[in-house]
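Descriptive analysis of the structure
Listed here are the chains, written in short residue letters.
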Amino acid sequence: MTVNLEVAEGVGTLRLDRPPMNALDVATQDRLKELAEEATRRDDVRAVVIYGGEKVFAAGADIKEMQAMDHTAMVLRARGLQESFTAVARIPKPVVAAVTGYALGGGCELALCADYRIAADNAKLGQPEILLGLIPGAGGTQRLARLVGPSKAKDLIFTGRMVKADEARELGLVDRVVAADQVYAEAHAWAAKLAQGPAIALRAAKESIDTGLETDIETGLAVERGWFAGLFATEDRDRGMRSFVEEGPGKAKFL
């Protein structure tokens with residue numbers, strides 16, 4: 001399989017496995033969607049790591065496959081392409097991308113679907129589609145602009161240039177830069193910590209933030225208000241508040 005889901009201690013790792021560069025062909029896209037939906041459903045998956053291995057995250061789409069597609073073929077495929085990435089973005093649990101080596105084109109767009117990005121100090125990211133006479137088609141024009149702002153997104157997309165890890169951090173494209181041999185461990189530790197947290201409250205926080213970014217503030221506030229009140233009906237809220245009163249902050253156990 002070109003993508004695998006490995007689950008341990010509440011953390012599901014979505015592992016790309018299509019050597020040598022994890023090119024995201026149609027079969028890989030469809031498999032990614034299938035496993036993202038599985039991670040969404042599974043109660044034993046409480047947080048997710050997206051990982052491409054020690055050498056490369058994903059160098060982009062399969063250009064040879066795309067070259068053979070005409071306009072009609074891409075009209076039929078474009079929605080499926082976007083839906084595979086959207087399935088990752090909509091996992092209602094904390095998601096971290098562990099970025100090693102290249103994350104270009106679709107690889108960068110996949111990293112954008114995560115809530116948090118940890119990159120190797122030798123990583124390179126970018127949206128080089130313009131160099132092929134194209135634009136990003138798996139959400140890059142939308143998610144990148146929302147993450148780093150429109151002018152920075154336009155610079156990256158207009159020029160197609162790659163950025164090294166330090167610049168990616170300065171731009172806000174990645175959140176942390178660590179040694180290359182520590183990327184997965186750091187990402188897994190981030191996910192494992194959150195896997196111990198209150199699952200419904202984490203889902204509420206993620207949906208409230210993401211919805212607010214996609215709509216006006218009044219709608220976002222309404223979503224937040226609904227989730228906030230609704231959490232008062234959960235066992236985790238009872239446990240968290242009881243622990244705070246009896247033991248002090250930060251000591252609640254949610255599992």
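Structure first, text after, so check above.
Residues numbered from 1 in each chain as written. Predicted model: local features only at pLDDT ≥ 70, side-chain atom pairs only at ≥ 80, totals over all residues. Heavy atoms only, no water.

Comments concerning unusual backbone geometry
Note the cis peptide between P19 and P20, where omega equals 5°. In the Ramachandran plot, E9 falls in the positive-phi region, its phi being about 55° despite a non-glycine side chain. Relative to the assigned elements, E9 resides in the loop between strand 1 (3-8) and strand 2 (11-16). In this structure, N22 is a non-glycine residue whose phi angle is positive, near 55°. (Helix = DSSP H or I, 4+ residues; strand = E, 2+ residues; numbered from the N terminus.)

Some points on the layout of surface pockets
Volume-wise, the largest pocket comes out at about 1,000 Å³. Considering the residues around the largest pocket, the lining is formed by 35 residues, among which A89, C113, R143, D210 and E214 are closest to the centre. Among the elements of the structure, helix 3 (71-89), helix 5 (140-148), helix 8 (183-195) and helix 9 (199-214) are those that each provide at least two residues to the lining of the largest pocket. Considered class by class, the residues forming the lining of the largest pocket number 17 nonpolar, seven polar and 11 charged. Quantified by volume, the second largest pocket comes out at close to 540 Å³. Lining the second largest pocket are 30 residues, with A61, M66, L81, L134 and G137 sitting closest to its centre. Those elements giving two or more residues to the lining of the second largest pocket turn out to be helix 1 (26-41), helix 2 (63-67), helix 3 and helix 4 (106-112). Each residue belonging to the lining of the second largest pocket can be placed in one class, and the counts come to 19 nonpolar, six polar and five charged. (1 Å grid on protein atoms, 1.4 Å probe; cavity = no way out; pocket = protein on both sides within 12 Å on 5 of 7 lines; lining within 4 Å. Points joined across faces, edges and corners; volume = space filled by probe spheres on them. Nonpolar A, V, L, I, M, F, W, Y, C, P; charged D, E, K, R; others polar.)

Considerations on the packing of aromatic side chains
Enumeration over the complete set of coordinates arrives at three aromatic pairs. Judged by centre distance (5.1 Å) and plane angle (5°), the rings of Y116 and W190 are stacked. Placement of Y116 in strand 6 (residues 116-120) and of W190 in helix 8 is noted, with a sequence separation of 74 residues between them. Between F228 and F232, the aromatic rings sit 5.5 Å apart at their centres with planes inclined by 75°, giving edge-to-face as the arrangement. For F228, a relative accessible area of 56% gives the class exposed. Judged by its relative accessible area of 39%, F232 falls in the partly exposed class. (Phe/Tyr/Trp six-rings, centres within 6.5 Å; stacked < 30°, edge-to-face > 60°. Buried < 20%, exposed > 50% of the residue type's maximum accessible area, 1.4 Å probe, protein only.)

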